[in-house]
Structure formats: C-alpha cells, structure tokens
Amino acid sequence: MNEPKASMRTPLGRVRSLGSSHSGTSDFWRQRLTAVAMTLLIVPVIVIVLMLIGRNQAGAAQILGSLPIAIVLLLFIVASAWHMKIGMQVVIEDYVHNEKLKLVSIMLNNFFSVAVALASTYAILKLSSGV
C-alpha cells in the first residue's frame, strides 16, 4: 500500500490561503478592494449628481461630457459592477444547493453584471464623445 508522504508543513501551513475551491481568499480581497474603490469614488459621484440637479438635457450632457467626470463615472461603474458580481456569486454559492441551478445562476449573474457594466460604459462614452 502507498503510505501518505510525510510533510514538514504544519496543518495550518497546508491549508493557508486555500478554501474549498482551492482559490483561497481572492474573491474576499477583490470584494474589499472594490468596496474601498467605491468608498473613495462615492464623494465625487455625489458631487456630480448634485451638479446635475436642475439642469436641462443640454446642461447635463455638457457636464457629463467632461473627460474627468467621465473617468470618475467609468471607474465607479467598473468597481460597482465587479463588486455586485462578486457579492451575488458568494450569495449564490452559499445558498443555492442544487448544482445545476447554482451553475446557471452564476452564469446569469456574470452575464447580467457584464451587461450592466457595458450599457453604463456605453452611455458614459456616448455622452463624453458628444454624439
């Protein structure tokens, strides 16, 4: 019989950074990273929204057409969509127990997150290009 190989590593050393899927804590840290990014970007986004209050469509298009404002909004959109995708995936993985339904739900979550990000990015780019 094959005997298990003796390891010099402690049990904690063998499992550190590895979850049940052997991907470790990368999703945890990515979600924290996107949360910090959104926290830093929320003040400029609120200022931009306050600048839009009371403006007509031409005034709003002029404000949103500014390059720095477009960059801030694009960064916020990317961080928000990524954060949303990771958060929903964790909920699905934790609470959906049927494997086929879990797979379909994760796929739909990915498609939805990308669709939201692409639609929002398209809108900002269209406004910032003046078309």
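Before going into details, it helps to say that this report is about the structure given with it.

Rules behind the numbers
- Residues numbered from 1 in each chain as written.
- Predicted model: local features only at pLDDT ≥ 70, side-chain atom pairs only at ≥ 80, totals over all residues.
- Heavy atoms only, no water.
- Buried < 20%, exposed > 50% of the residue type's maximum accessible area, 1.4 Å probe, protein only.
- Helix = DSSP H or I, 4+ residues; strand = E, 2+ residues; numbered from the N terminus.
- Arc of directions from axis to C-beta.
- Contact = heavy atoms within 4.5 Å.
- Expected span 1.5 Å × (residues − 1).
- Bend = angle between axes of the 7 residues up to and from the residue.
- Axes fitted to C-alpha atoms, helices over the stretch in contact; angles between N-to-C directions.
- Parallel < 35°, antiparallel > 145°, perpendicular 65-115°, else oblique.
- Left-handed = near helix turned anticlockwise from the far one by under 90°.
- Nonpolar A, V, L, I, M, F, W, Y, C, P; charged D, E, K, R; others polar.
- Polar contact = N/O pair within 3.5 Å; in protein donor to acceptor, adjacent residues only side chain to side chain.
- Core = buried A, V, L, I, M, F, W, Y, C linked by side-chain atoms within 4.5 Å.

1. Things to note about helix α3 (residues 57-64)
Thought 1: Gly59, Ala60, Ile63 and Leu64 are the residues of α3 that are buried. Projected onto a plane normal to the axis of α3, the buried residues spread over an arc of 125 degrees and lie on a single side. The exposed residues of α3 that point more than 90 degrees off its buried face are Gln57, Ala58 and Gln62.
Thought 2: Against the buried residues of α3 lie α2 (26-52), α4 (67-95) and α5 (99-129).

2. A few points about α2
Thought 1: The first and last C-alpha atoms of α2 sit 37 Å apart over 27 residues, in line with the 39 Å expected at 1.5 Å per residue.
Thought 2: Along α2, the sharpest kink reaches roughly 40 degrees, centred on Ile42 and followed within four residues by the proline Pro44.
Thought 3: Along α2, the positions that sit buried rather than exposed are Gln31, Thr34, Met38, Leu41, Val45 and Ile48.
Thought 4: Phi turns positive one or two residues past the end of α2, at Gly54, with a value near 80 degrees.

3. Points about the packing of α2 against α4
Thought 1: The interhelical angle for the contact between α2 and α4, taken along N-to-C directions, is 140 degrees, at an axis separation of 8 Å. Between α2 and α4, the interaxial angle falls into the category oblique. Judged by the sense of rotation from one axis to the other, the crossing of α2 with α4 is left-handed.
Thought 2: The class makeup of the residues in the contact of α2 with α4 is 17 nonpolar, five polar and two charged.

4. Topic: the side chain of Gln89
Thought 1: Tracing the chain through its elements places Gln89 in helix α4.
Thought 2: For Gln89, a relative accessible area of 13% gives the class buried.
Thought 3: Separated by 2.8 Å, the side chains of Gln89 and Lys85 make a polar contact.
Thought 4: When sequence neighbours within four positions are dropped, the list of residues in contact with Gln89 reads Ile106, Asn109 and Asn110.

5. A closer look at the nonpolar core
Thought 1: Counting 13 residues, the largest nonpolar core has Ile48, Leu64, Ile69, Leu73, Phe76 and Ile124 as its most contacted members.
Thought 2: Counting only elements with at least two residues in this core, the list comes to α2, α3 and α4.
Thought 3: If we skip the residues at most four places from it in the chain, Ile48 touches Leu64, Ile69, Val72 and Leu73.

6. A closer look at the packing of α2 against α3
Thought 1: One way to put it is that α2 packs onto α3 with a least axis distance of 10 Å and a crossing angle of 155 degrees. Judged by the inter-axis angle, α2 sits roughly antiparallel to α3. Taken as a pair, α2 and α3 cross one another with a handedness that is right-handed. The residues of α3 that touch α2, namely those facing Ile48, Met51 and Leu52, are Ala60, Ile63 and Leu64.
Thought 2: Tallied by class, the residues present in the contact of α2 with α3 amount to six nonpolar, no polar and no charged.

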